[in-house]
Amino acid sequence: MPTVTTNTAANSALRFLNFNSMMSGNSVSKLASGSRIVKASDDAAGLAIGTRLLADVTVLRQSAVNASQGASVLQVADGGLARIADVLQRMKALAAQSLSGVPSNIERGFIDAEFQQLRQEVTAIAQTTRFNGDSLLDGSGQSPQNFFVGTEAGDNISVSYSTLATAASAFHATAIGLAASVVTPTAAIDAMTAVDAAIDMISEARATVGGLISRFEFRGQQIATSLENIEAAKSSIMDVDLAAEQSRLVSSQVLVQASVSALSQANELPQALLRLLQ
C-alpha cells in the first residue's frame with residue numbers, strides 16, 4: 001500500500017544499495033591486497049589454517065639457510081682434514097726415503113728436519129681450522145652443535161666436532177708418536193707405521209664429515225620441496241582469484257548502479273502520491 005509517511009520501497013532500495021556497496025568495497029580490498037581473506041569474517045577457518053601455513057613457510061626459509069650454513073661449516077672442516085691428509089702423505093714419503101739404502105745418517109737427519117716440521121704443521125692446521133672463531137679440528141672440547149632444520153622443536157641435526165675422528169688426538173702430531181722420527185731406518189719403520197695409523201684416522205674423520213655434508217644437502221632439498229608444497233597450499237587458501245574477484249566486482253558495481261537508480265525512483269514515489277491531493 002503506497003504511503004507518503006513511510007517509503008518502504010526507498011528503505012528496501014537503500015538496504016540493497018548499502019549491501020552492494022559493501023560487497024563492491026570487499027572486492028576492491030581483496031584485489032588491492034591480493035588476499036582472499038582481508039578480515040577474519042571472510043573465512044575464519046581458512047585464516048587460521050593459512051596463518052599456520054605461513055608460519056611454517058617462514059620457519060622453513062630460515063631452516064634452509066641453517067642447512068646451508070651447517071654444510072658450509074663442515075666443508076671448512078673437510079678442507080682442513082684434506083690438508084692434514086696431504087701433510088701425512090708427505091711424511092710417509094719422507095719415511096720411505098729414509099728407509100732407502102742411499103741416504104747416510106747425516107742425510108737422514110736432513111730428512112728428519114722436514115719430518116719434524118710437518119709434525120708441527122699437522123697440529124697447526126688442526127688448531128687454525130676455524131669457523132666463526134670456533135676451532136673445528138683440535139678437539140678443544142666444543143659441545144655438540146645443533147642445526148635447526150625443520151618446523152618443530154627437535155628438528156635438529158647434531159654435529160659433534162670432537163667425534164670427527166676416533167679421538168681428538170688424531171689431529172695432533174702426537175698421533176704419529178711423541179718420539180717419531182726418521183733419523184734411522186728403525187725409527188723410520190716405526191714412523192711409517194704411525195703415519196699409516198694417522199692417515200686411517202683422518203680418512204675416517206673425512207668419511208664422517210662427508211656423510212654429514214650429504215645429510216645437510218639432502219635436508220636442504222627436502223626443505224625446498226616442503227616450501228614449494230606448503231606455499232602452494234597456502235596460496236590456494238589465502239590468495240585471491242583475480243579473475244573471479246574481478247567478475248564479482250563488476251557484478252556488484254552494476255548492482256550498486258541499479259540500487260542507486262531504484263532508490264532515486266523510490267524517493268520520487270511520495271511526490272507522485274502528493275499529486276493525488278491537488
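Heads up: the structure comes first, above all this text.
Residues numbered from 1 in each chain as written. Predicted model: local features only at pLDDT ≥ 70, side-chain atom pairs only at ≥ 80, totals over all residues. Heavy atoms only, no water.

## Observations concerning the overall build of the protein chain
For clarity, the threshold we go by: Secondary structure elements are taken from DSSP: a helix is a run of H or I of four residues or more, a strand is a run of E of two residues or more, and numbering for both begins at the N terminus. We call a residue buried when its accessible area falls under 20% of the maximum for its residue type, exposed when it is over 50%, and partly exposed in between, using a 1.4 Å probe and counting protein chains only. Residues are treated as being in contact if the distance between any of their heavy atoms lies within 4.5 Å. Computed by Shrake-Rupley with a 1.4 Å probe, the accessible areas treat only the displayed protein chains as cover when residues are assessed.
Counting its secondary structure elements, the protein chain contains five helices and four strands. Tracing the protein chain from N to C terminus, the helices and strands come up as α-α-α-β-β-β-β-α-α. Looking at the protein chain residue by residue over its 278 residues, the buried ones come to 36%. Here the analysis covers contacts within the protein chain between residues at least 6 apart in sequence; of these, 78% occur between residues at least 24 apart. With an accessible surface of roughly 15300 Å², the protein chain has 57% of that area assigned to carbon and sulfur atoms.

## Thoughts on the pattern of salt bridges
Rules: A side-chain nitrogen of Lys or Arg and a carboxyl oxygen of Asp or Glu constitute a salt bridge if their distance falls within 4 Å.
In this structure the tally under the stated criterion is eight salt bridges. Close ionic contact of Arg61 with Glu231 constitutes a salt bridge, the shortest N to O distance being 2.4 Å. You can see Arg61 sitting in helix H2 (residues 44–99) and its partner Glu231 sitting in helix H4 (residues 185–238), a full 170 residues away along the chain. Residues joined in a network through salt bridges with shared partners are Arg52, Asp56 and Glu152.

## Focus: the packing of aromatic side chains
Put simply, the rule reads: Only rings of Phe, Tyr and Trp enter the pairing, Trp through its six-membered ring, and a pair is recorded when the two centres are within 6.5 Å. The plane angle decides the type: under 30 degrees is stacked, over 60 is edge-to-face, the rest tilted.
Tallying each qualifying case throughout the model produces one aromatic pair. Between Phe147 and Phe216, the ring centres sit 5.3 Å apart and the planes meet at 85°, which makes this aromatic pair edge-to-face. Taken as a pair, Phe147 in strand S3 (residues 145–148) and Phe216 in helix H4 lie far apart in primary sequence, 69 residues in all.

## Re helix H1 (residues 8–33)
Along an α-helix, residues three or four apart share an orientation, since each turn contains 3.6 residues. Operational definition: For a helix, the expected span equals 1.5 Å multiplied by the residue count minus one.
Under the 1.5 Å per step criterion, the end-to-end length of H1 is 38 Å for 26 residues, consistent within 8% with the ideal 38 Å. Of the residues trailing H1, Gly34 is marked for its positive phi of about 80°.

## Focus: the packing of H2 against helix H3 (residues 105–128)
For clarity, the threshold we go by: Simply put, an axis is a line fit to the C-alpha atoms, just over the touching stretch for a helix, and the angle between two N-to-C directions goes from 0 to 180 degrees. Should an angle fall under 35 degrees it is called roughly parallel, over 145 degrees roughly antiparallel, and 65 to 115 degrees roughly perpendicular, with every other angle called oblique. Each crossing is labelled by how the near helix is turned from the far one, with a counterclockwise turn of less than a right angle marking it left-handed and a clockwise turn marking it right-handed. Amino acid classes used here: Ala, Val, Leu, Ile, Met, Phe, Trp, Tyr, Cys and Pro are nonpolar; Asp, Glu, Lys and Arg are charged; the rest, including Gly, are polar.
Packing of H2 against H3 leaves a shortest axis separation of 10 Å and a crossing angle of 165°. When the axis of H2 is compared with that of H3, the two are roughly antiparallel. Considering how the two elements wind past one another, H2 and H3 form a crossing that is left-handed. Between H2, through Gly80, Arg83, Ile84, Val87, Leu88, Arg90, Met91, Leu94, Gln97 and Ser98, and H3, the contact on the second element is made entirely by Arg108, Ile111, Glu114, Phe115, Leu118, Arg119, Glu121, Val122, Ile125 and Ala126. Grouping the amino acids of the contact of H2 with H3 by side-chain chemistry returns 11 nonpolar, three polar and six charged.

## Some details on the nonpolar core
Formally: Within this scheme, the nonpolar core is defined by two criteria: the residues are buried Ala, Val, Leu, Ile, Met, Phe, Trp, Tyr or Cys, and they are joined through side-chain atoms within 4.5 Å.
Core analysis: the largest hydrophobic core is formed by 49 residues, its most contacted members being Leu74, Ile84, Leu88, Met91, Phe115 and Phe216. Listed by contribution, the elements that provide at least two residues to this core are H2, H3, strand S4 (156–159) and H4. The element that contributes the greatest number of residues to this core is H4, accounting for 17 residues. Counting six residues, the second-largest nonpolar core is a separate cluster that includes Ala13, Val256, Leu263 and Ala266.

## Details of H3
End to end, H3 covers 34 Å across 24 residues, agreeing with the expected 34 Å (1.5 Å per residue, within 8%). Residues of H3 that are buried include every one of Arg108, Ile111, Asp112, Phe115, Leu118, Arg119, Val122, Thr123, Ile125 and Ala126, and no others.

## Here's the deal with the pairing of S4
Inclusion rule: Paired strands, in this sense, are two strands between which DSSP finds at least two bridges.
Residue alternation in S4 divides its side chains into a buried set, Ile157 and Val159, and an unburied set, Asn156 and Ser158. Looking at chain direction, S3 and S4 are connected through four bridges and run antiparallel. Residue pairing in the sheet places Gln145 in a bridge with Val159 of S4.

## Describing the side chain of Ser98
Mapped onto the secondary structure, Ser98 falls in helix H2. With relative accessibility at 0%, the residue Ser98 sits in the buried group. Setting aside residues up to four positions removed in sequence, Ser98 forms contacts with Arg108, Ile111, Val182, Thr184 and Ala188.

## With respect to the environment of Ala188
Structurally, Ala188 can be placed in helix H4. Assessed through its relative accessible area of 0%, Ala188 is described here as buried. With 89 residues separating them along the chain, Ala188 and Leu99 place their C-alpha atoms 6.3 Å apart. Aside from chain neighbours lying at most four places away, what touches Ala188 is Ala95, Ser98, Leu99, Ser181 and Val182.

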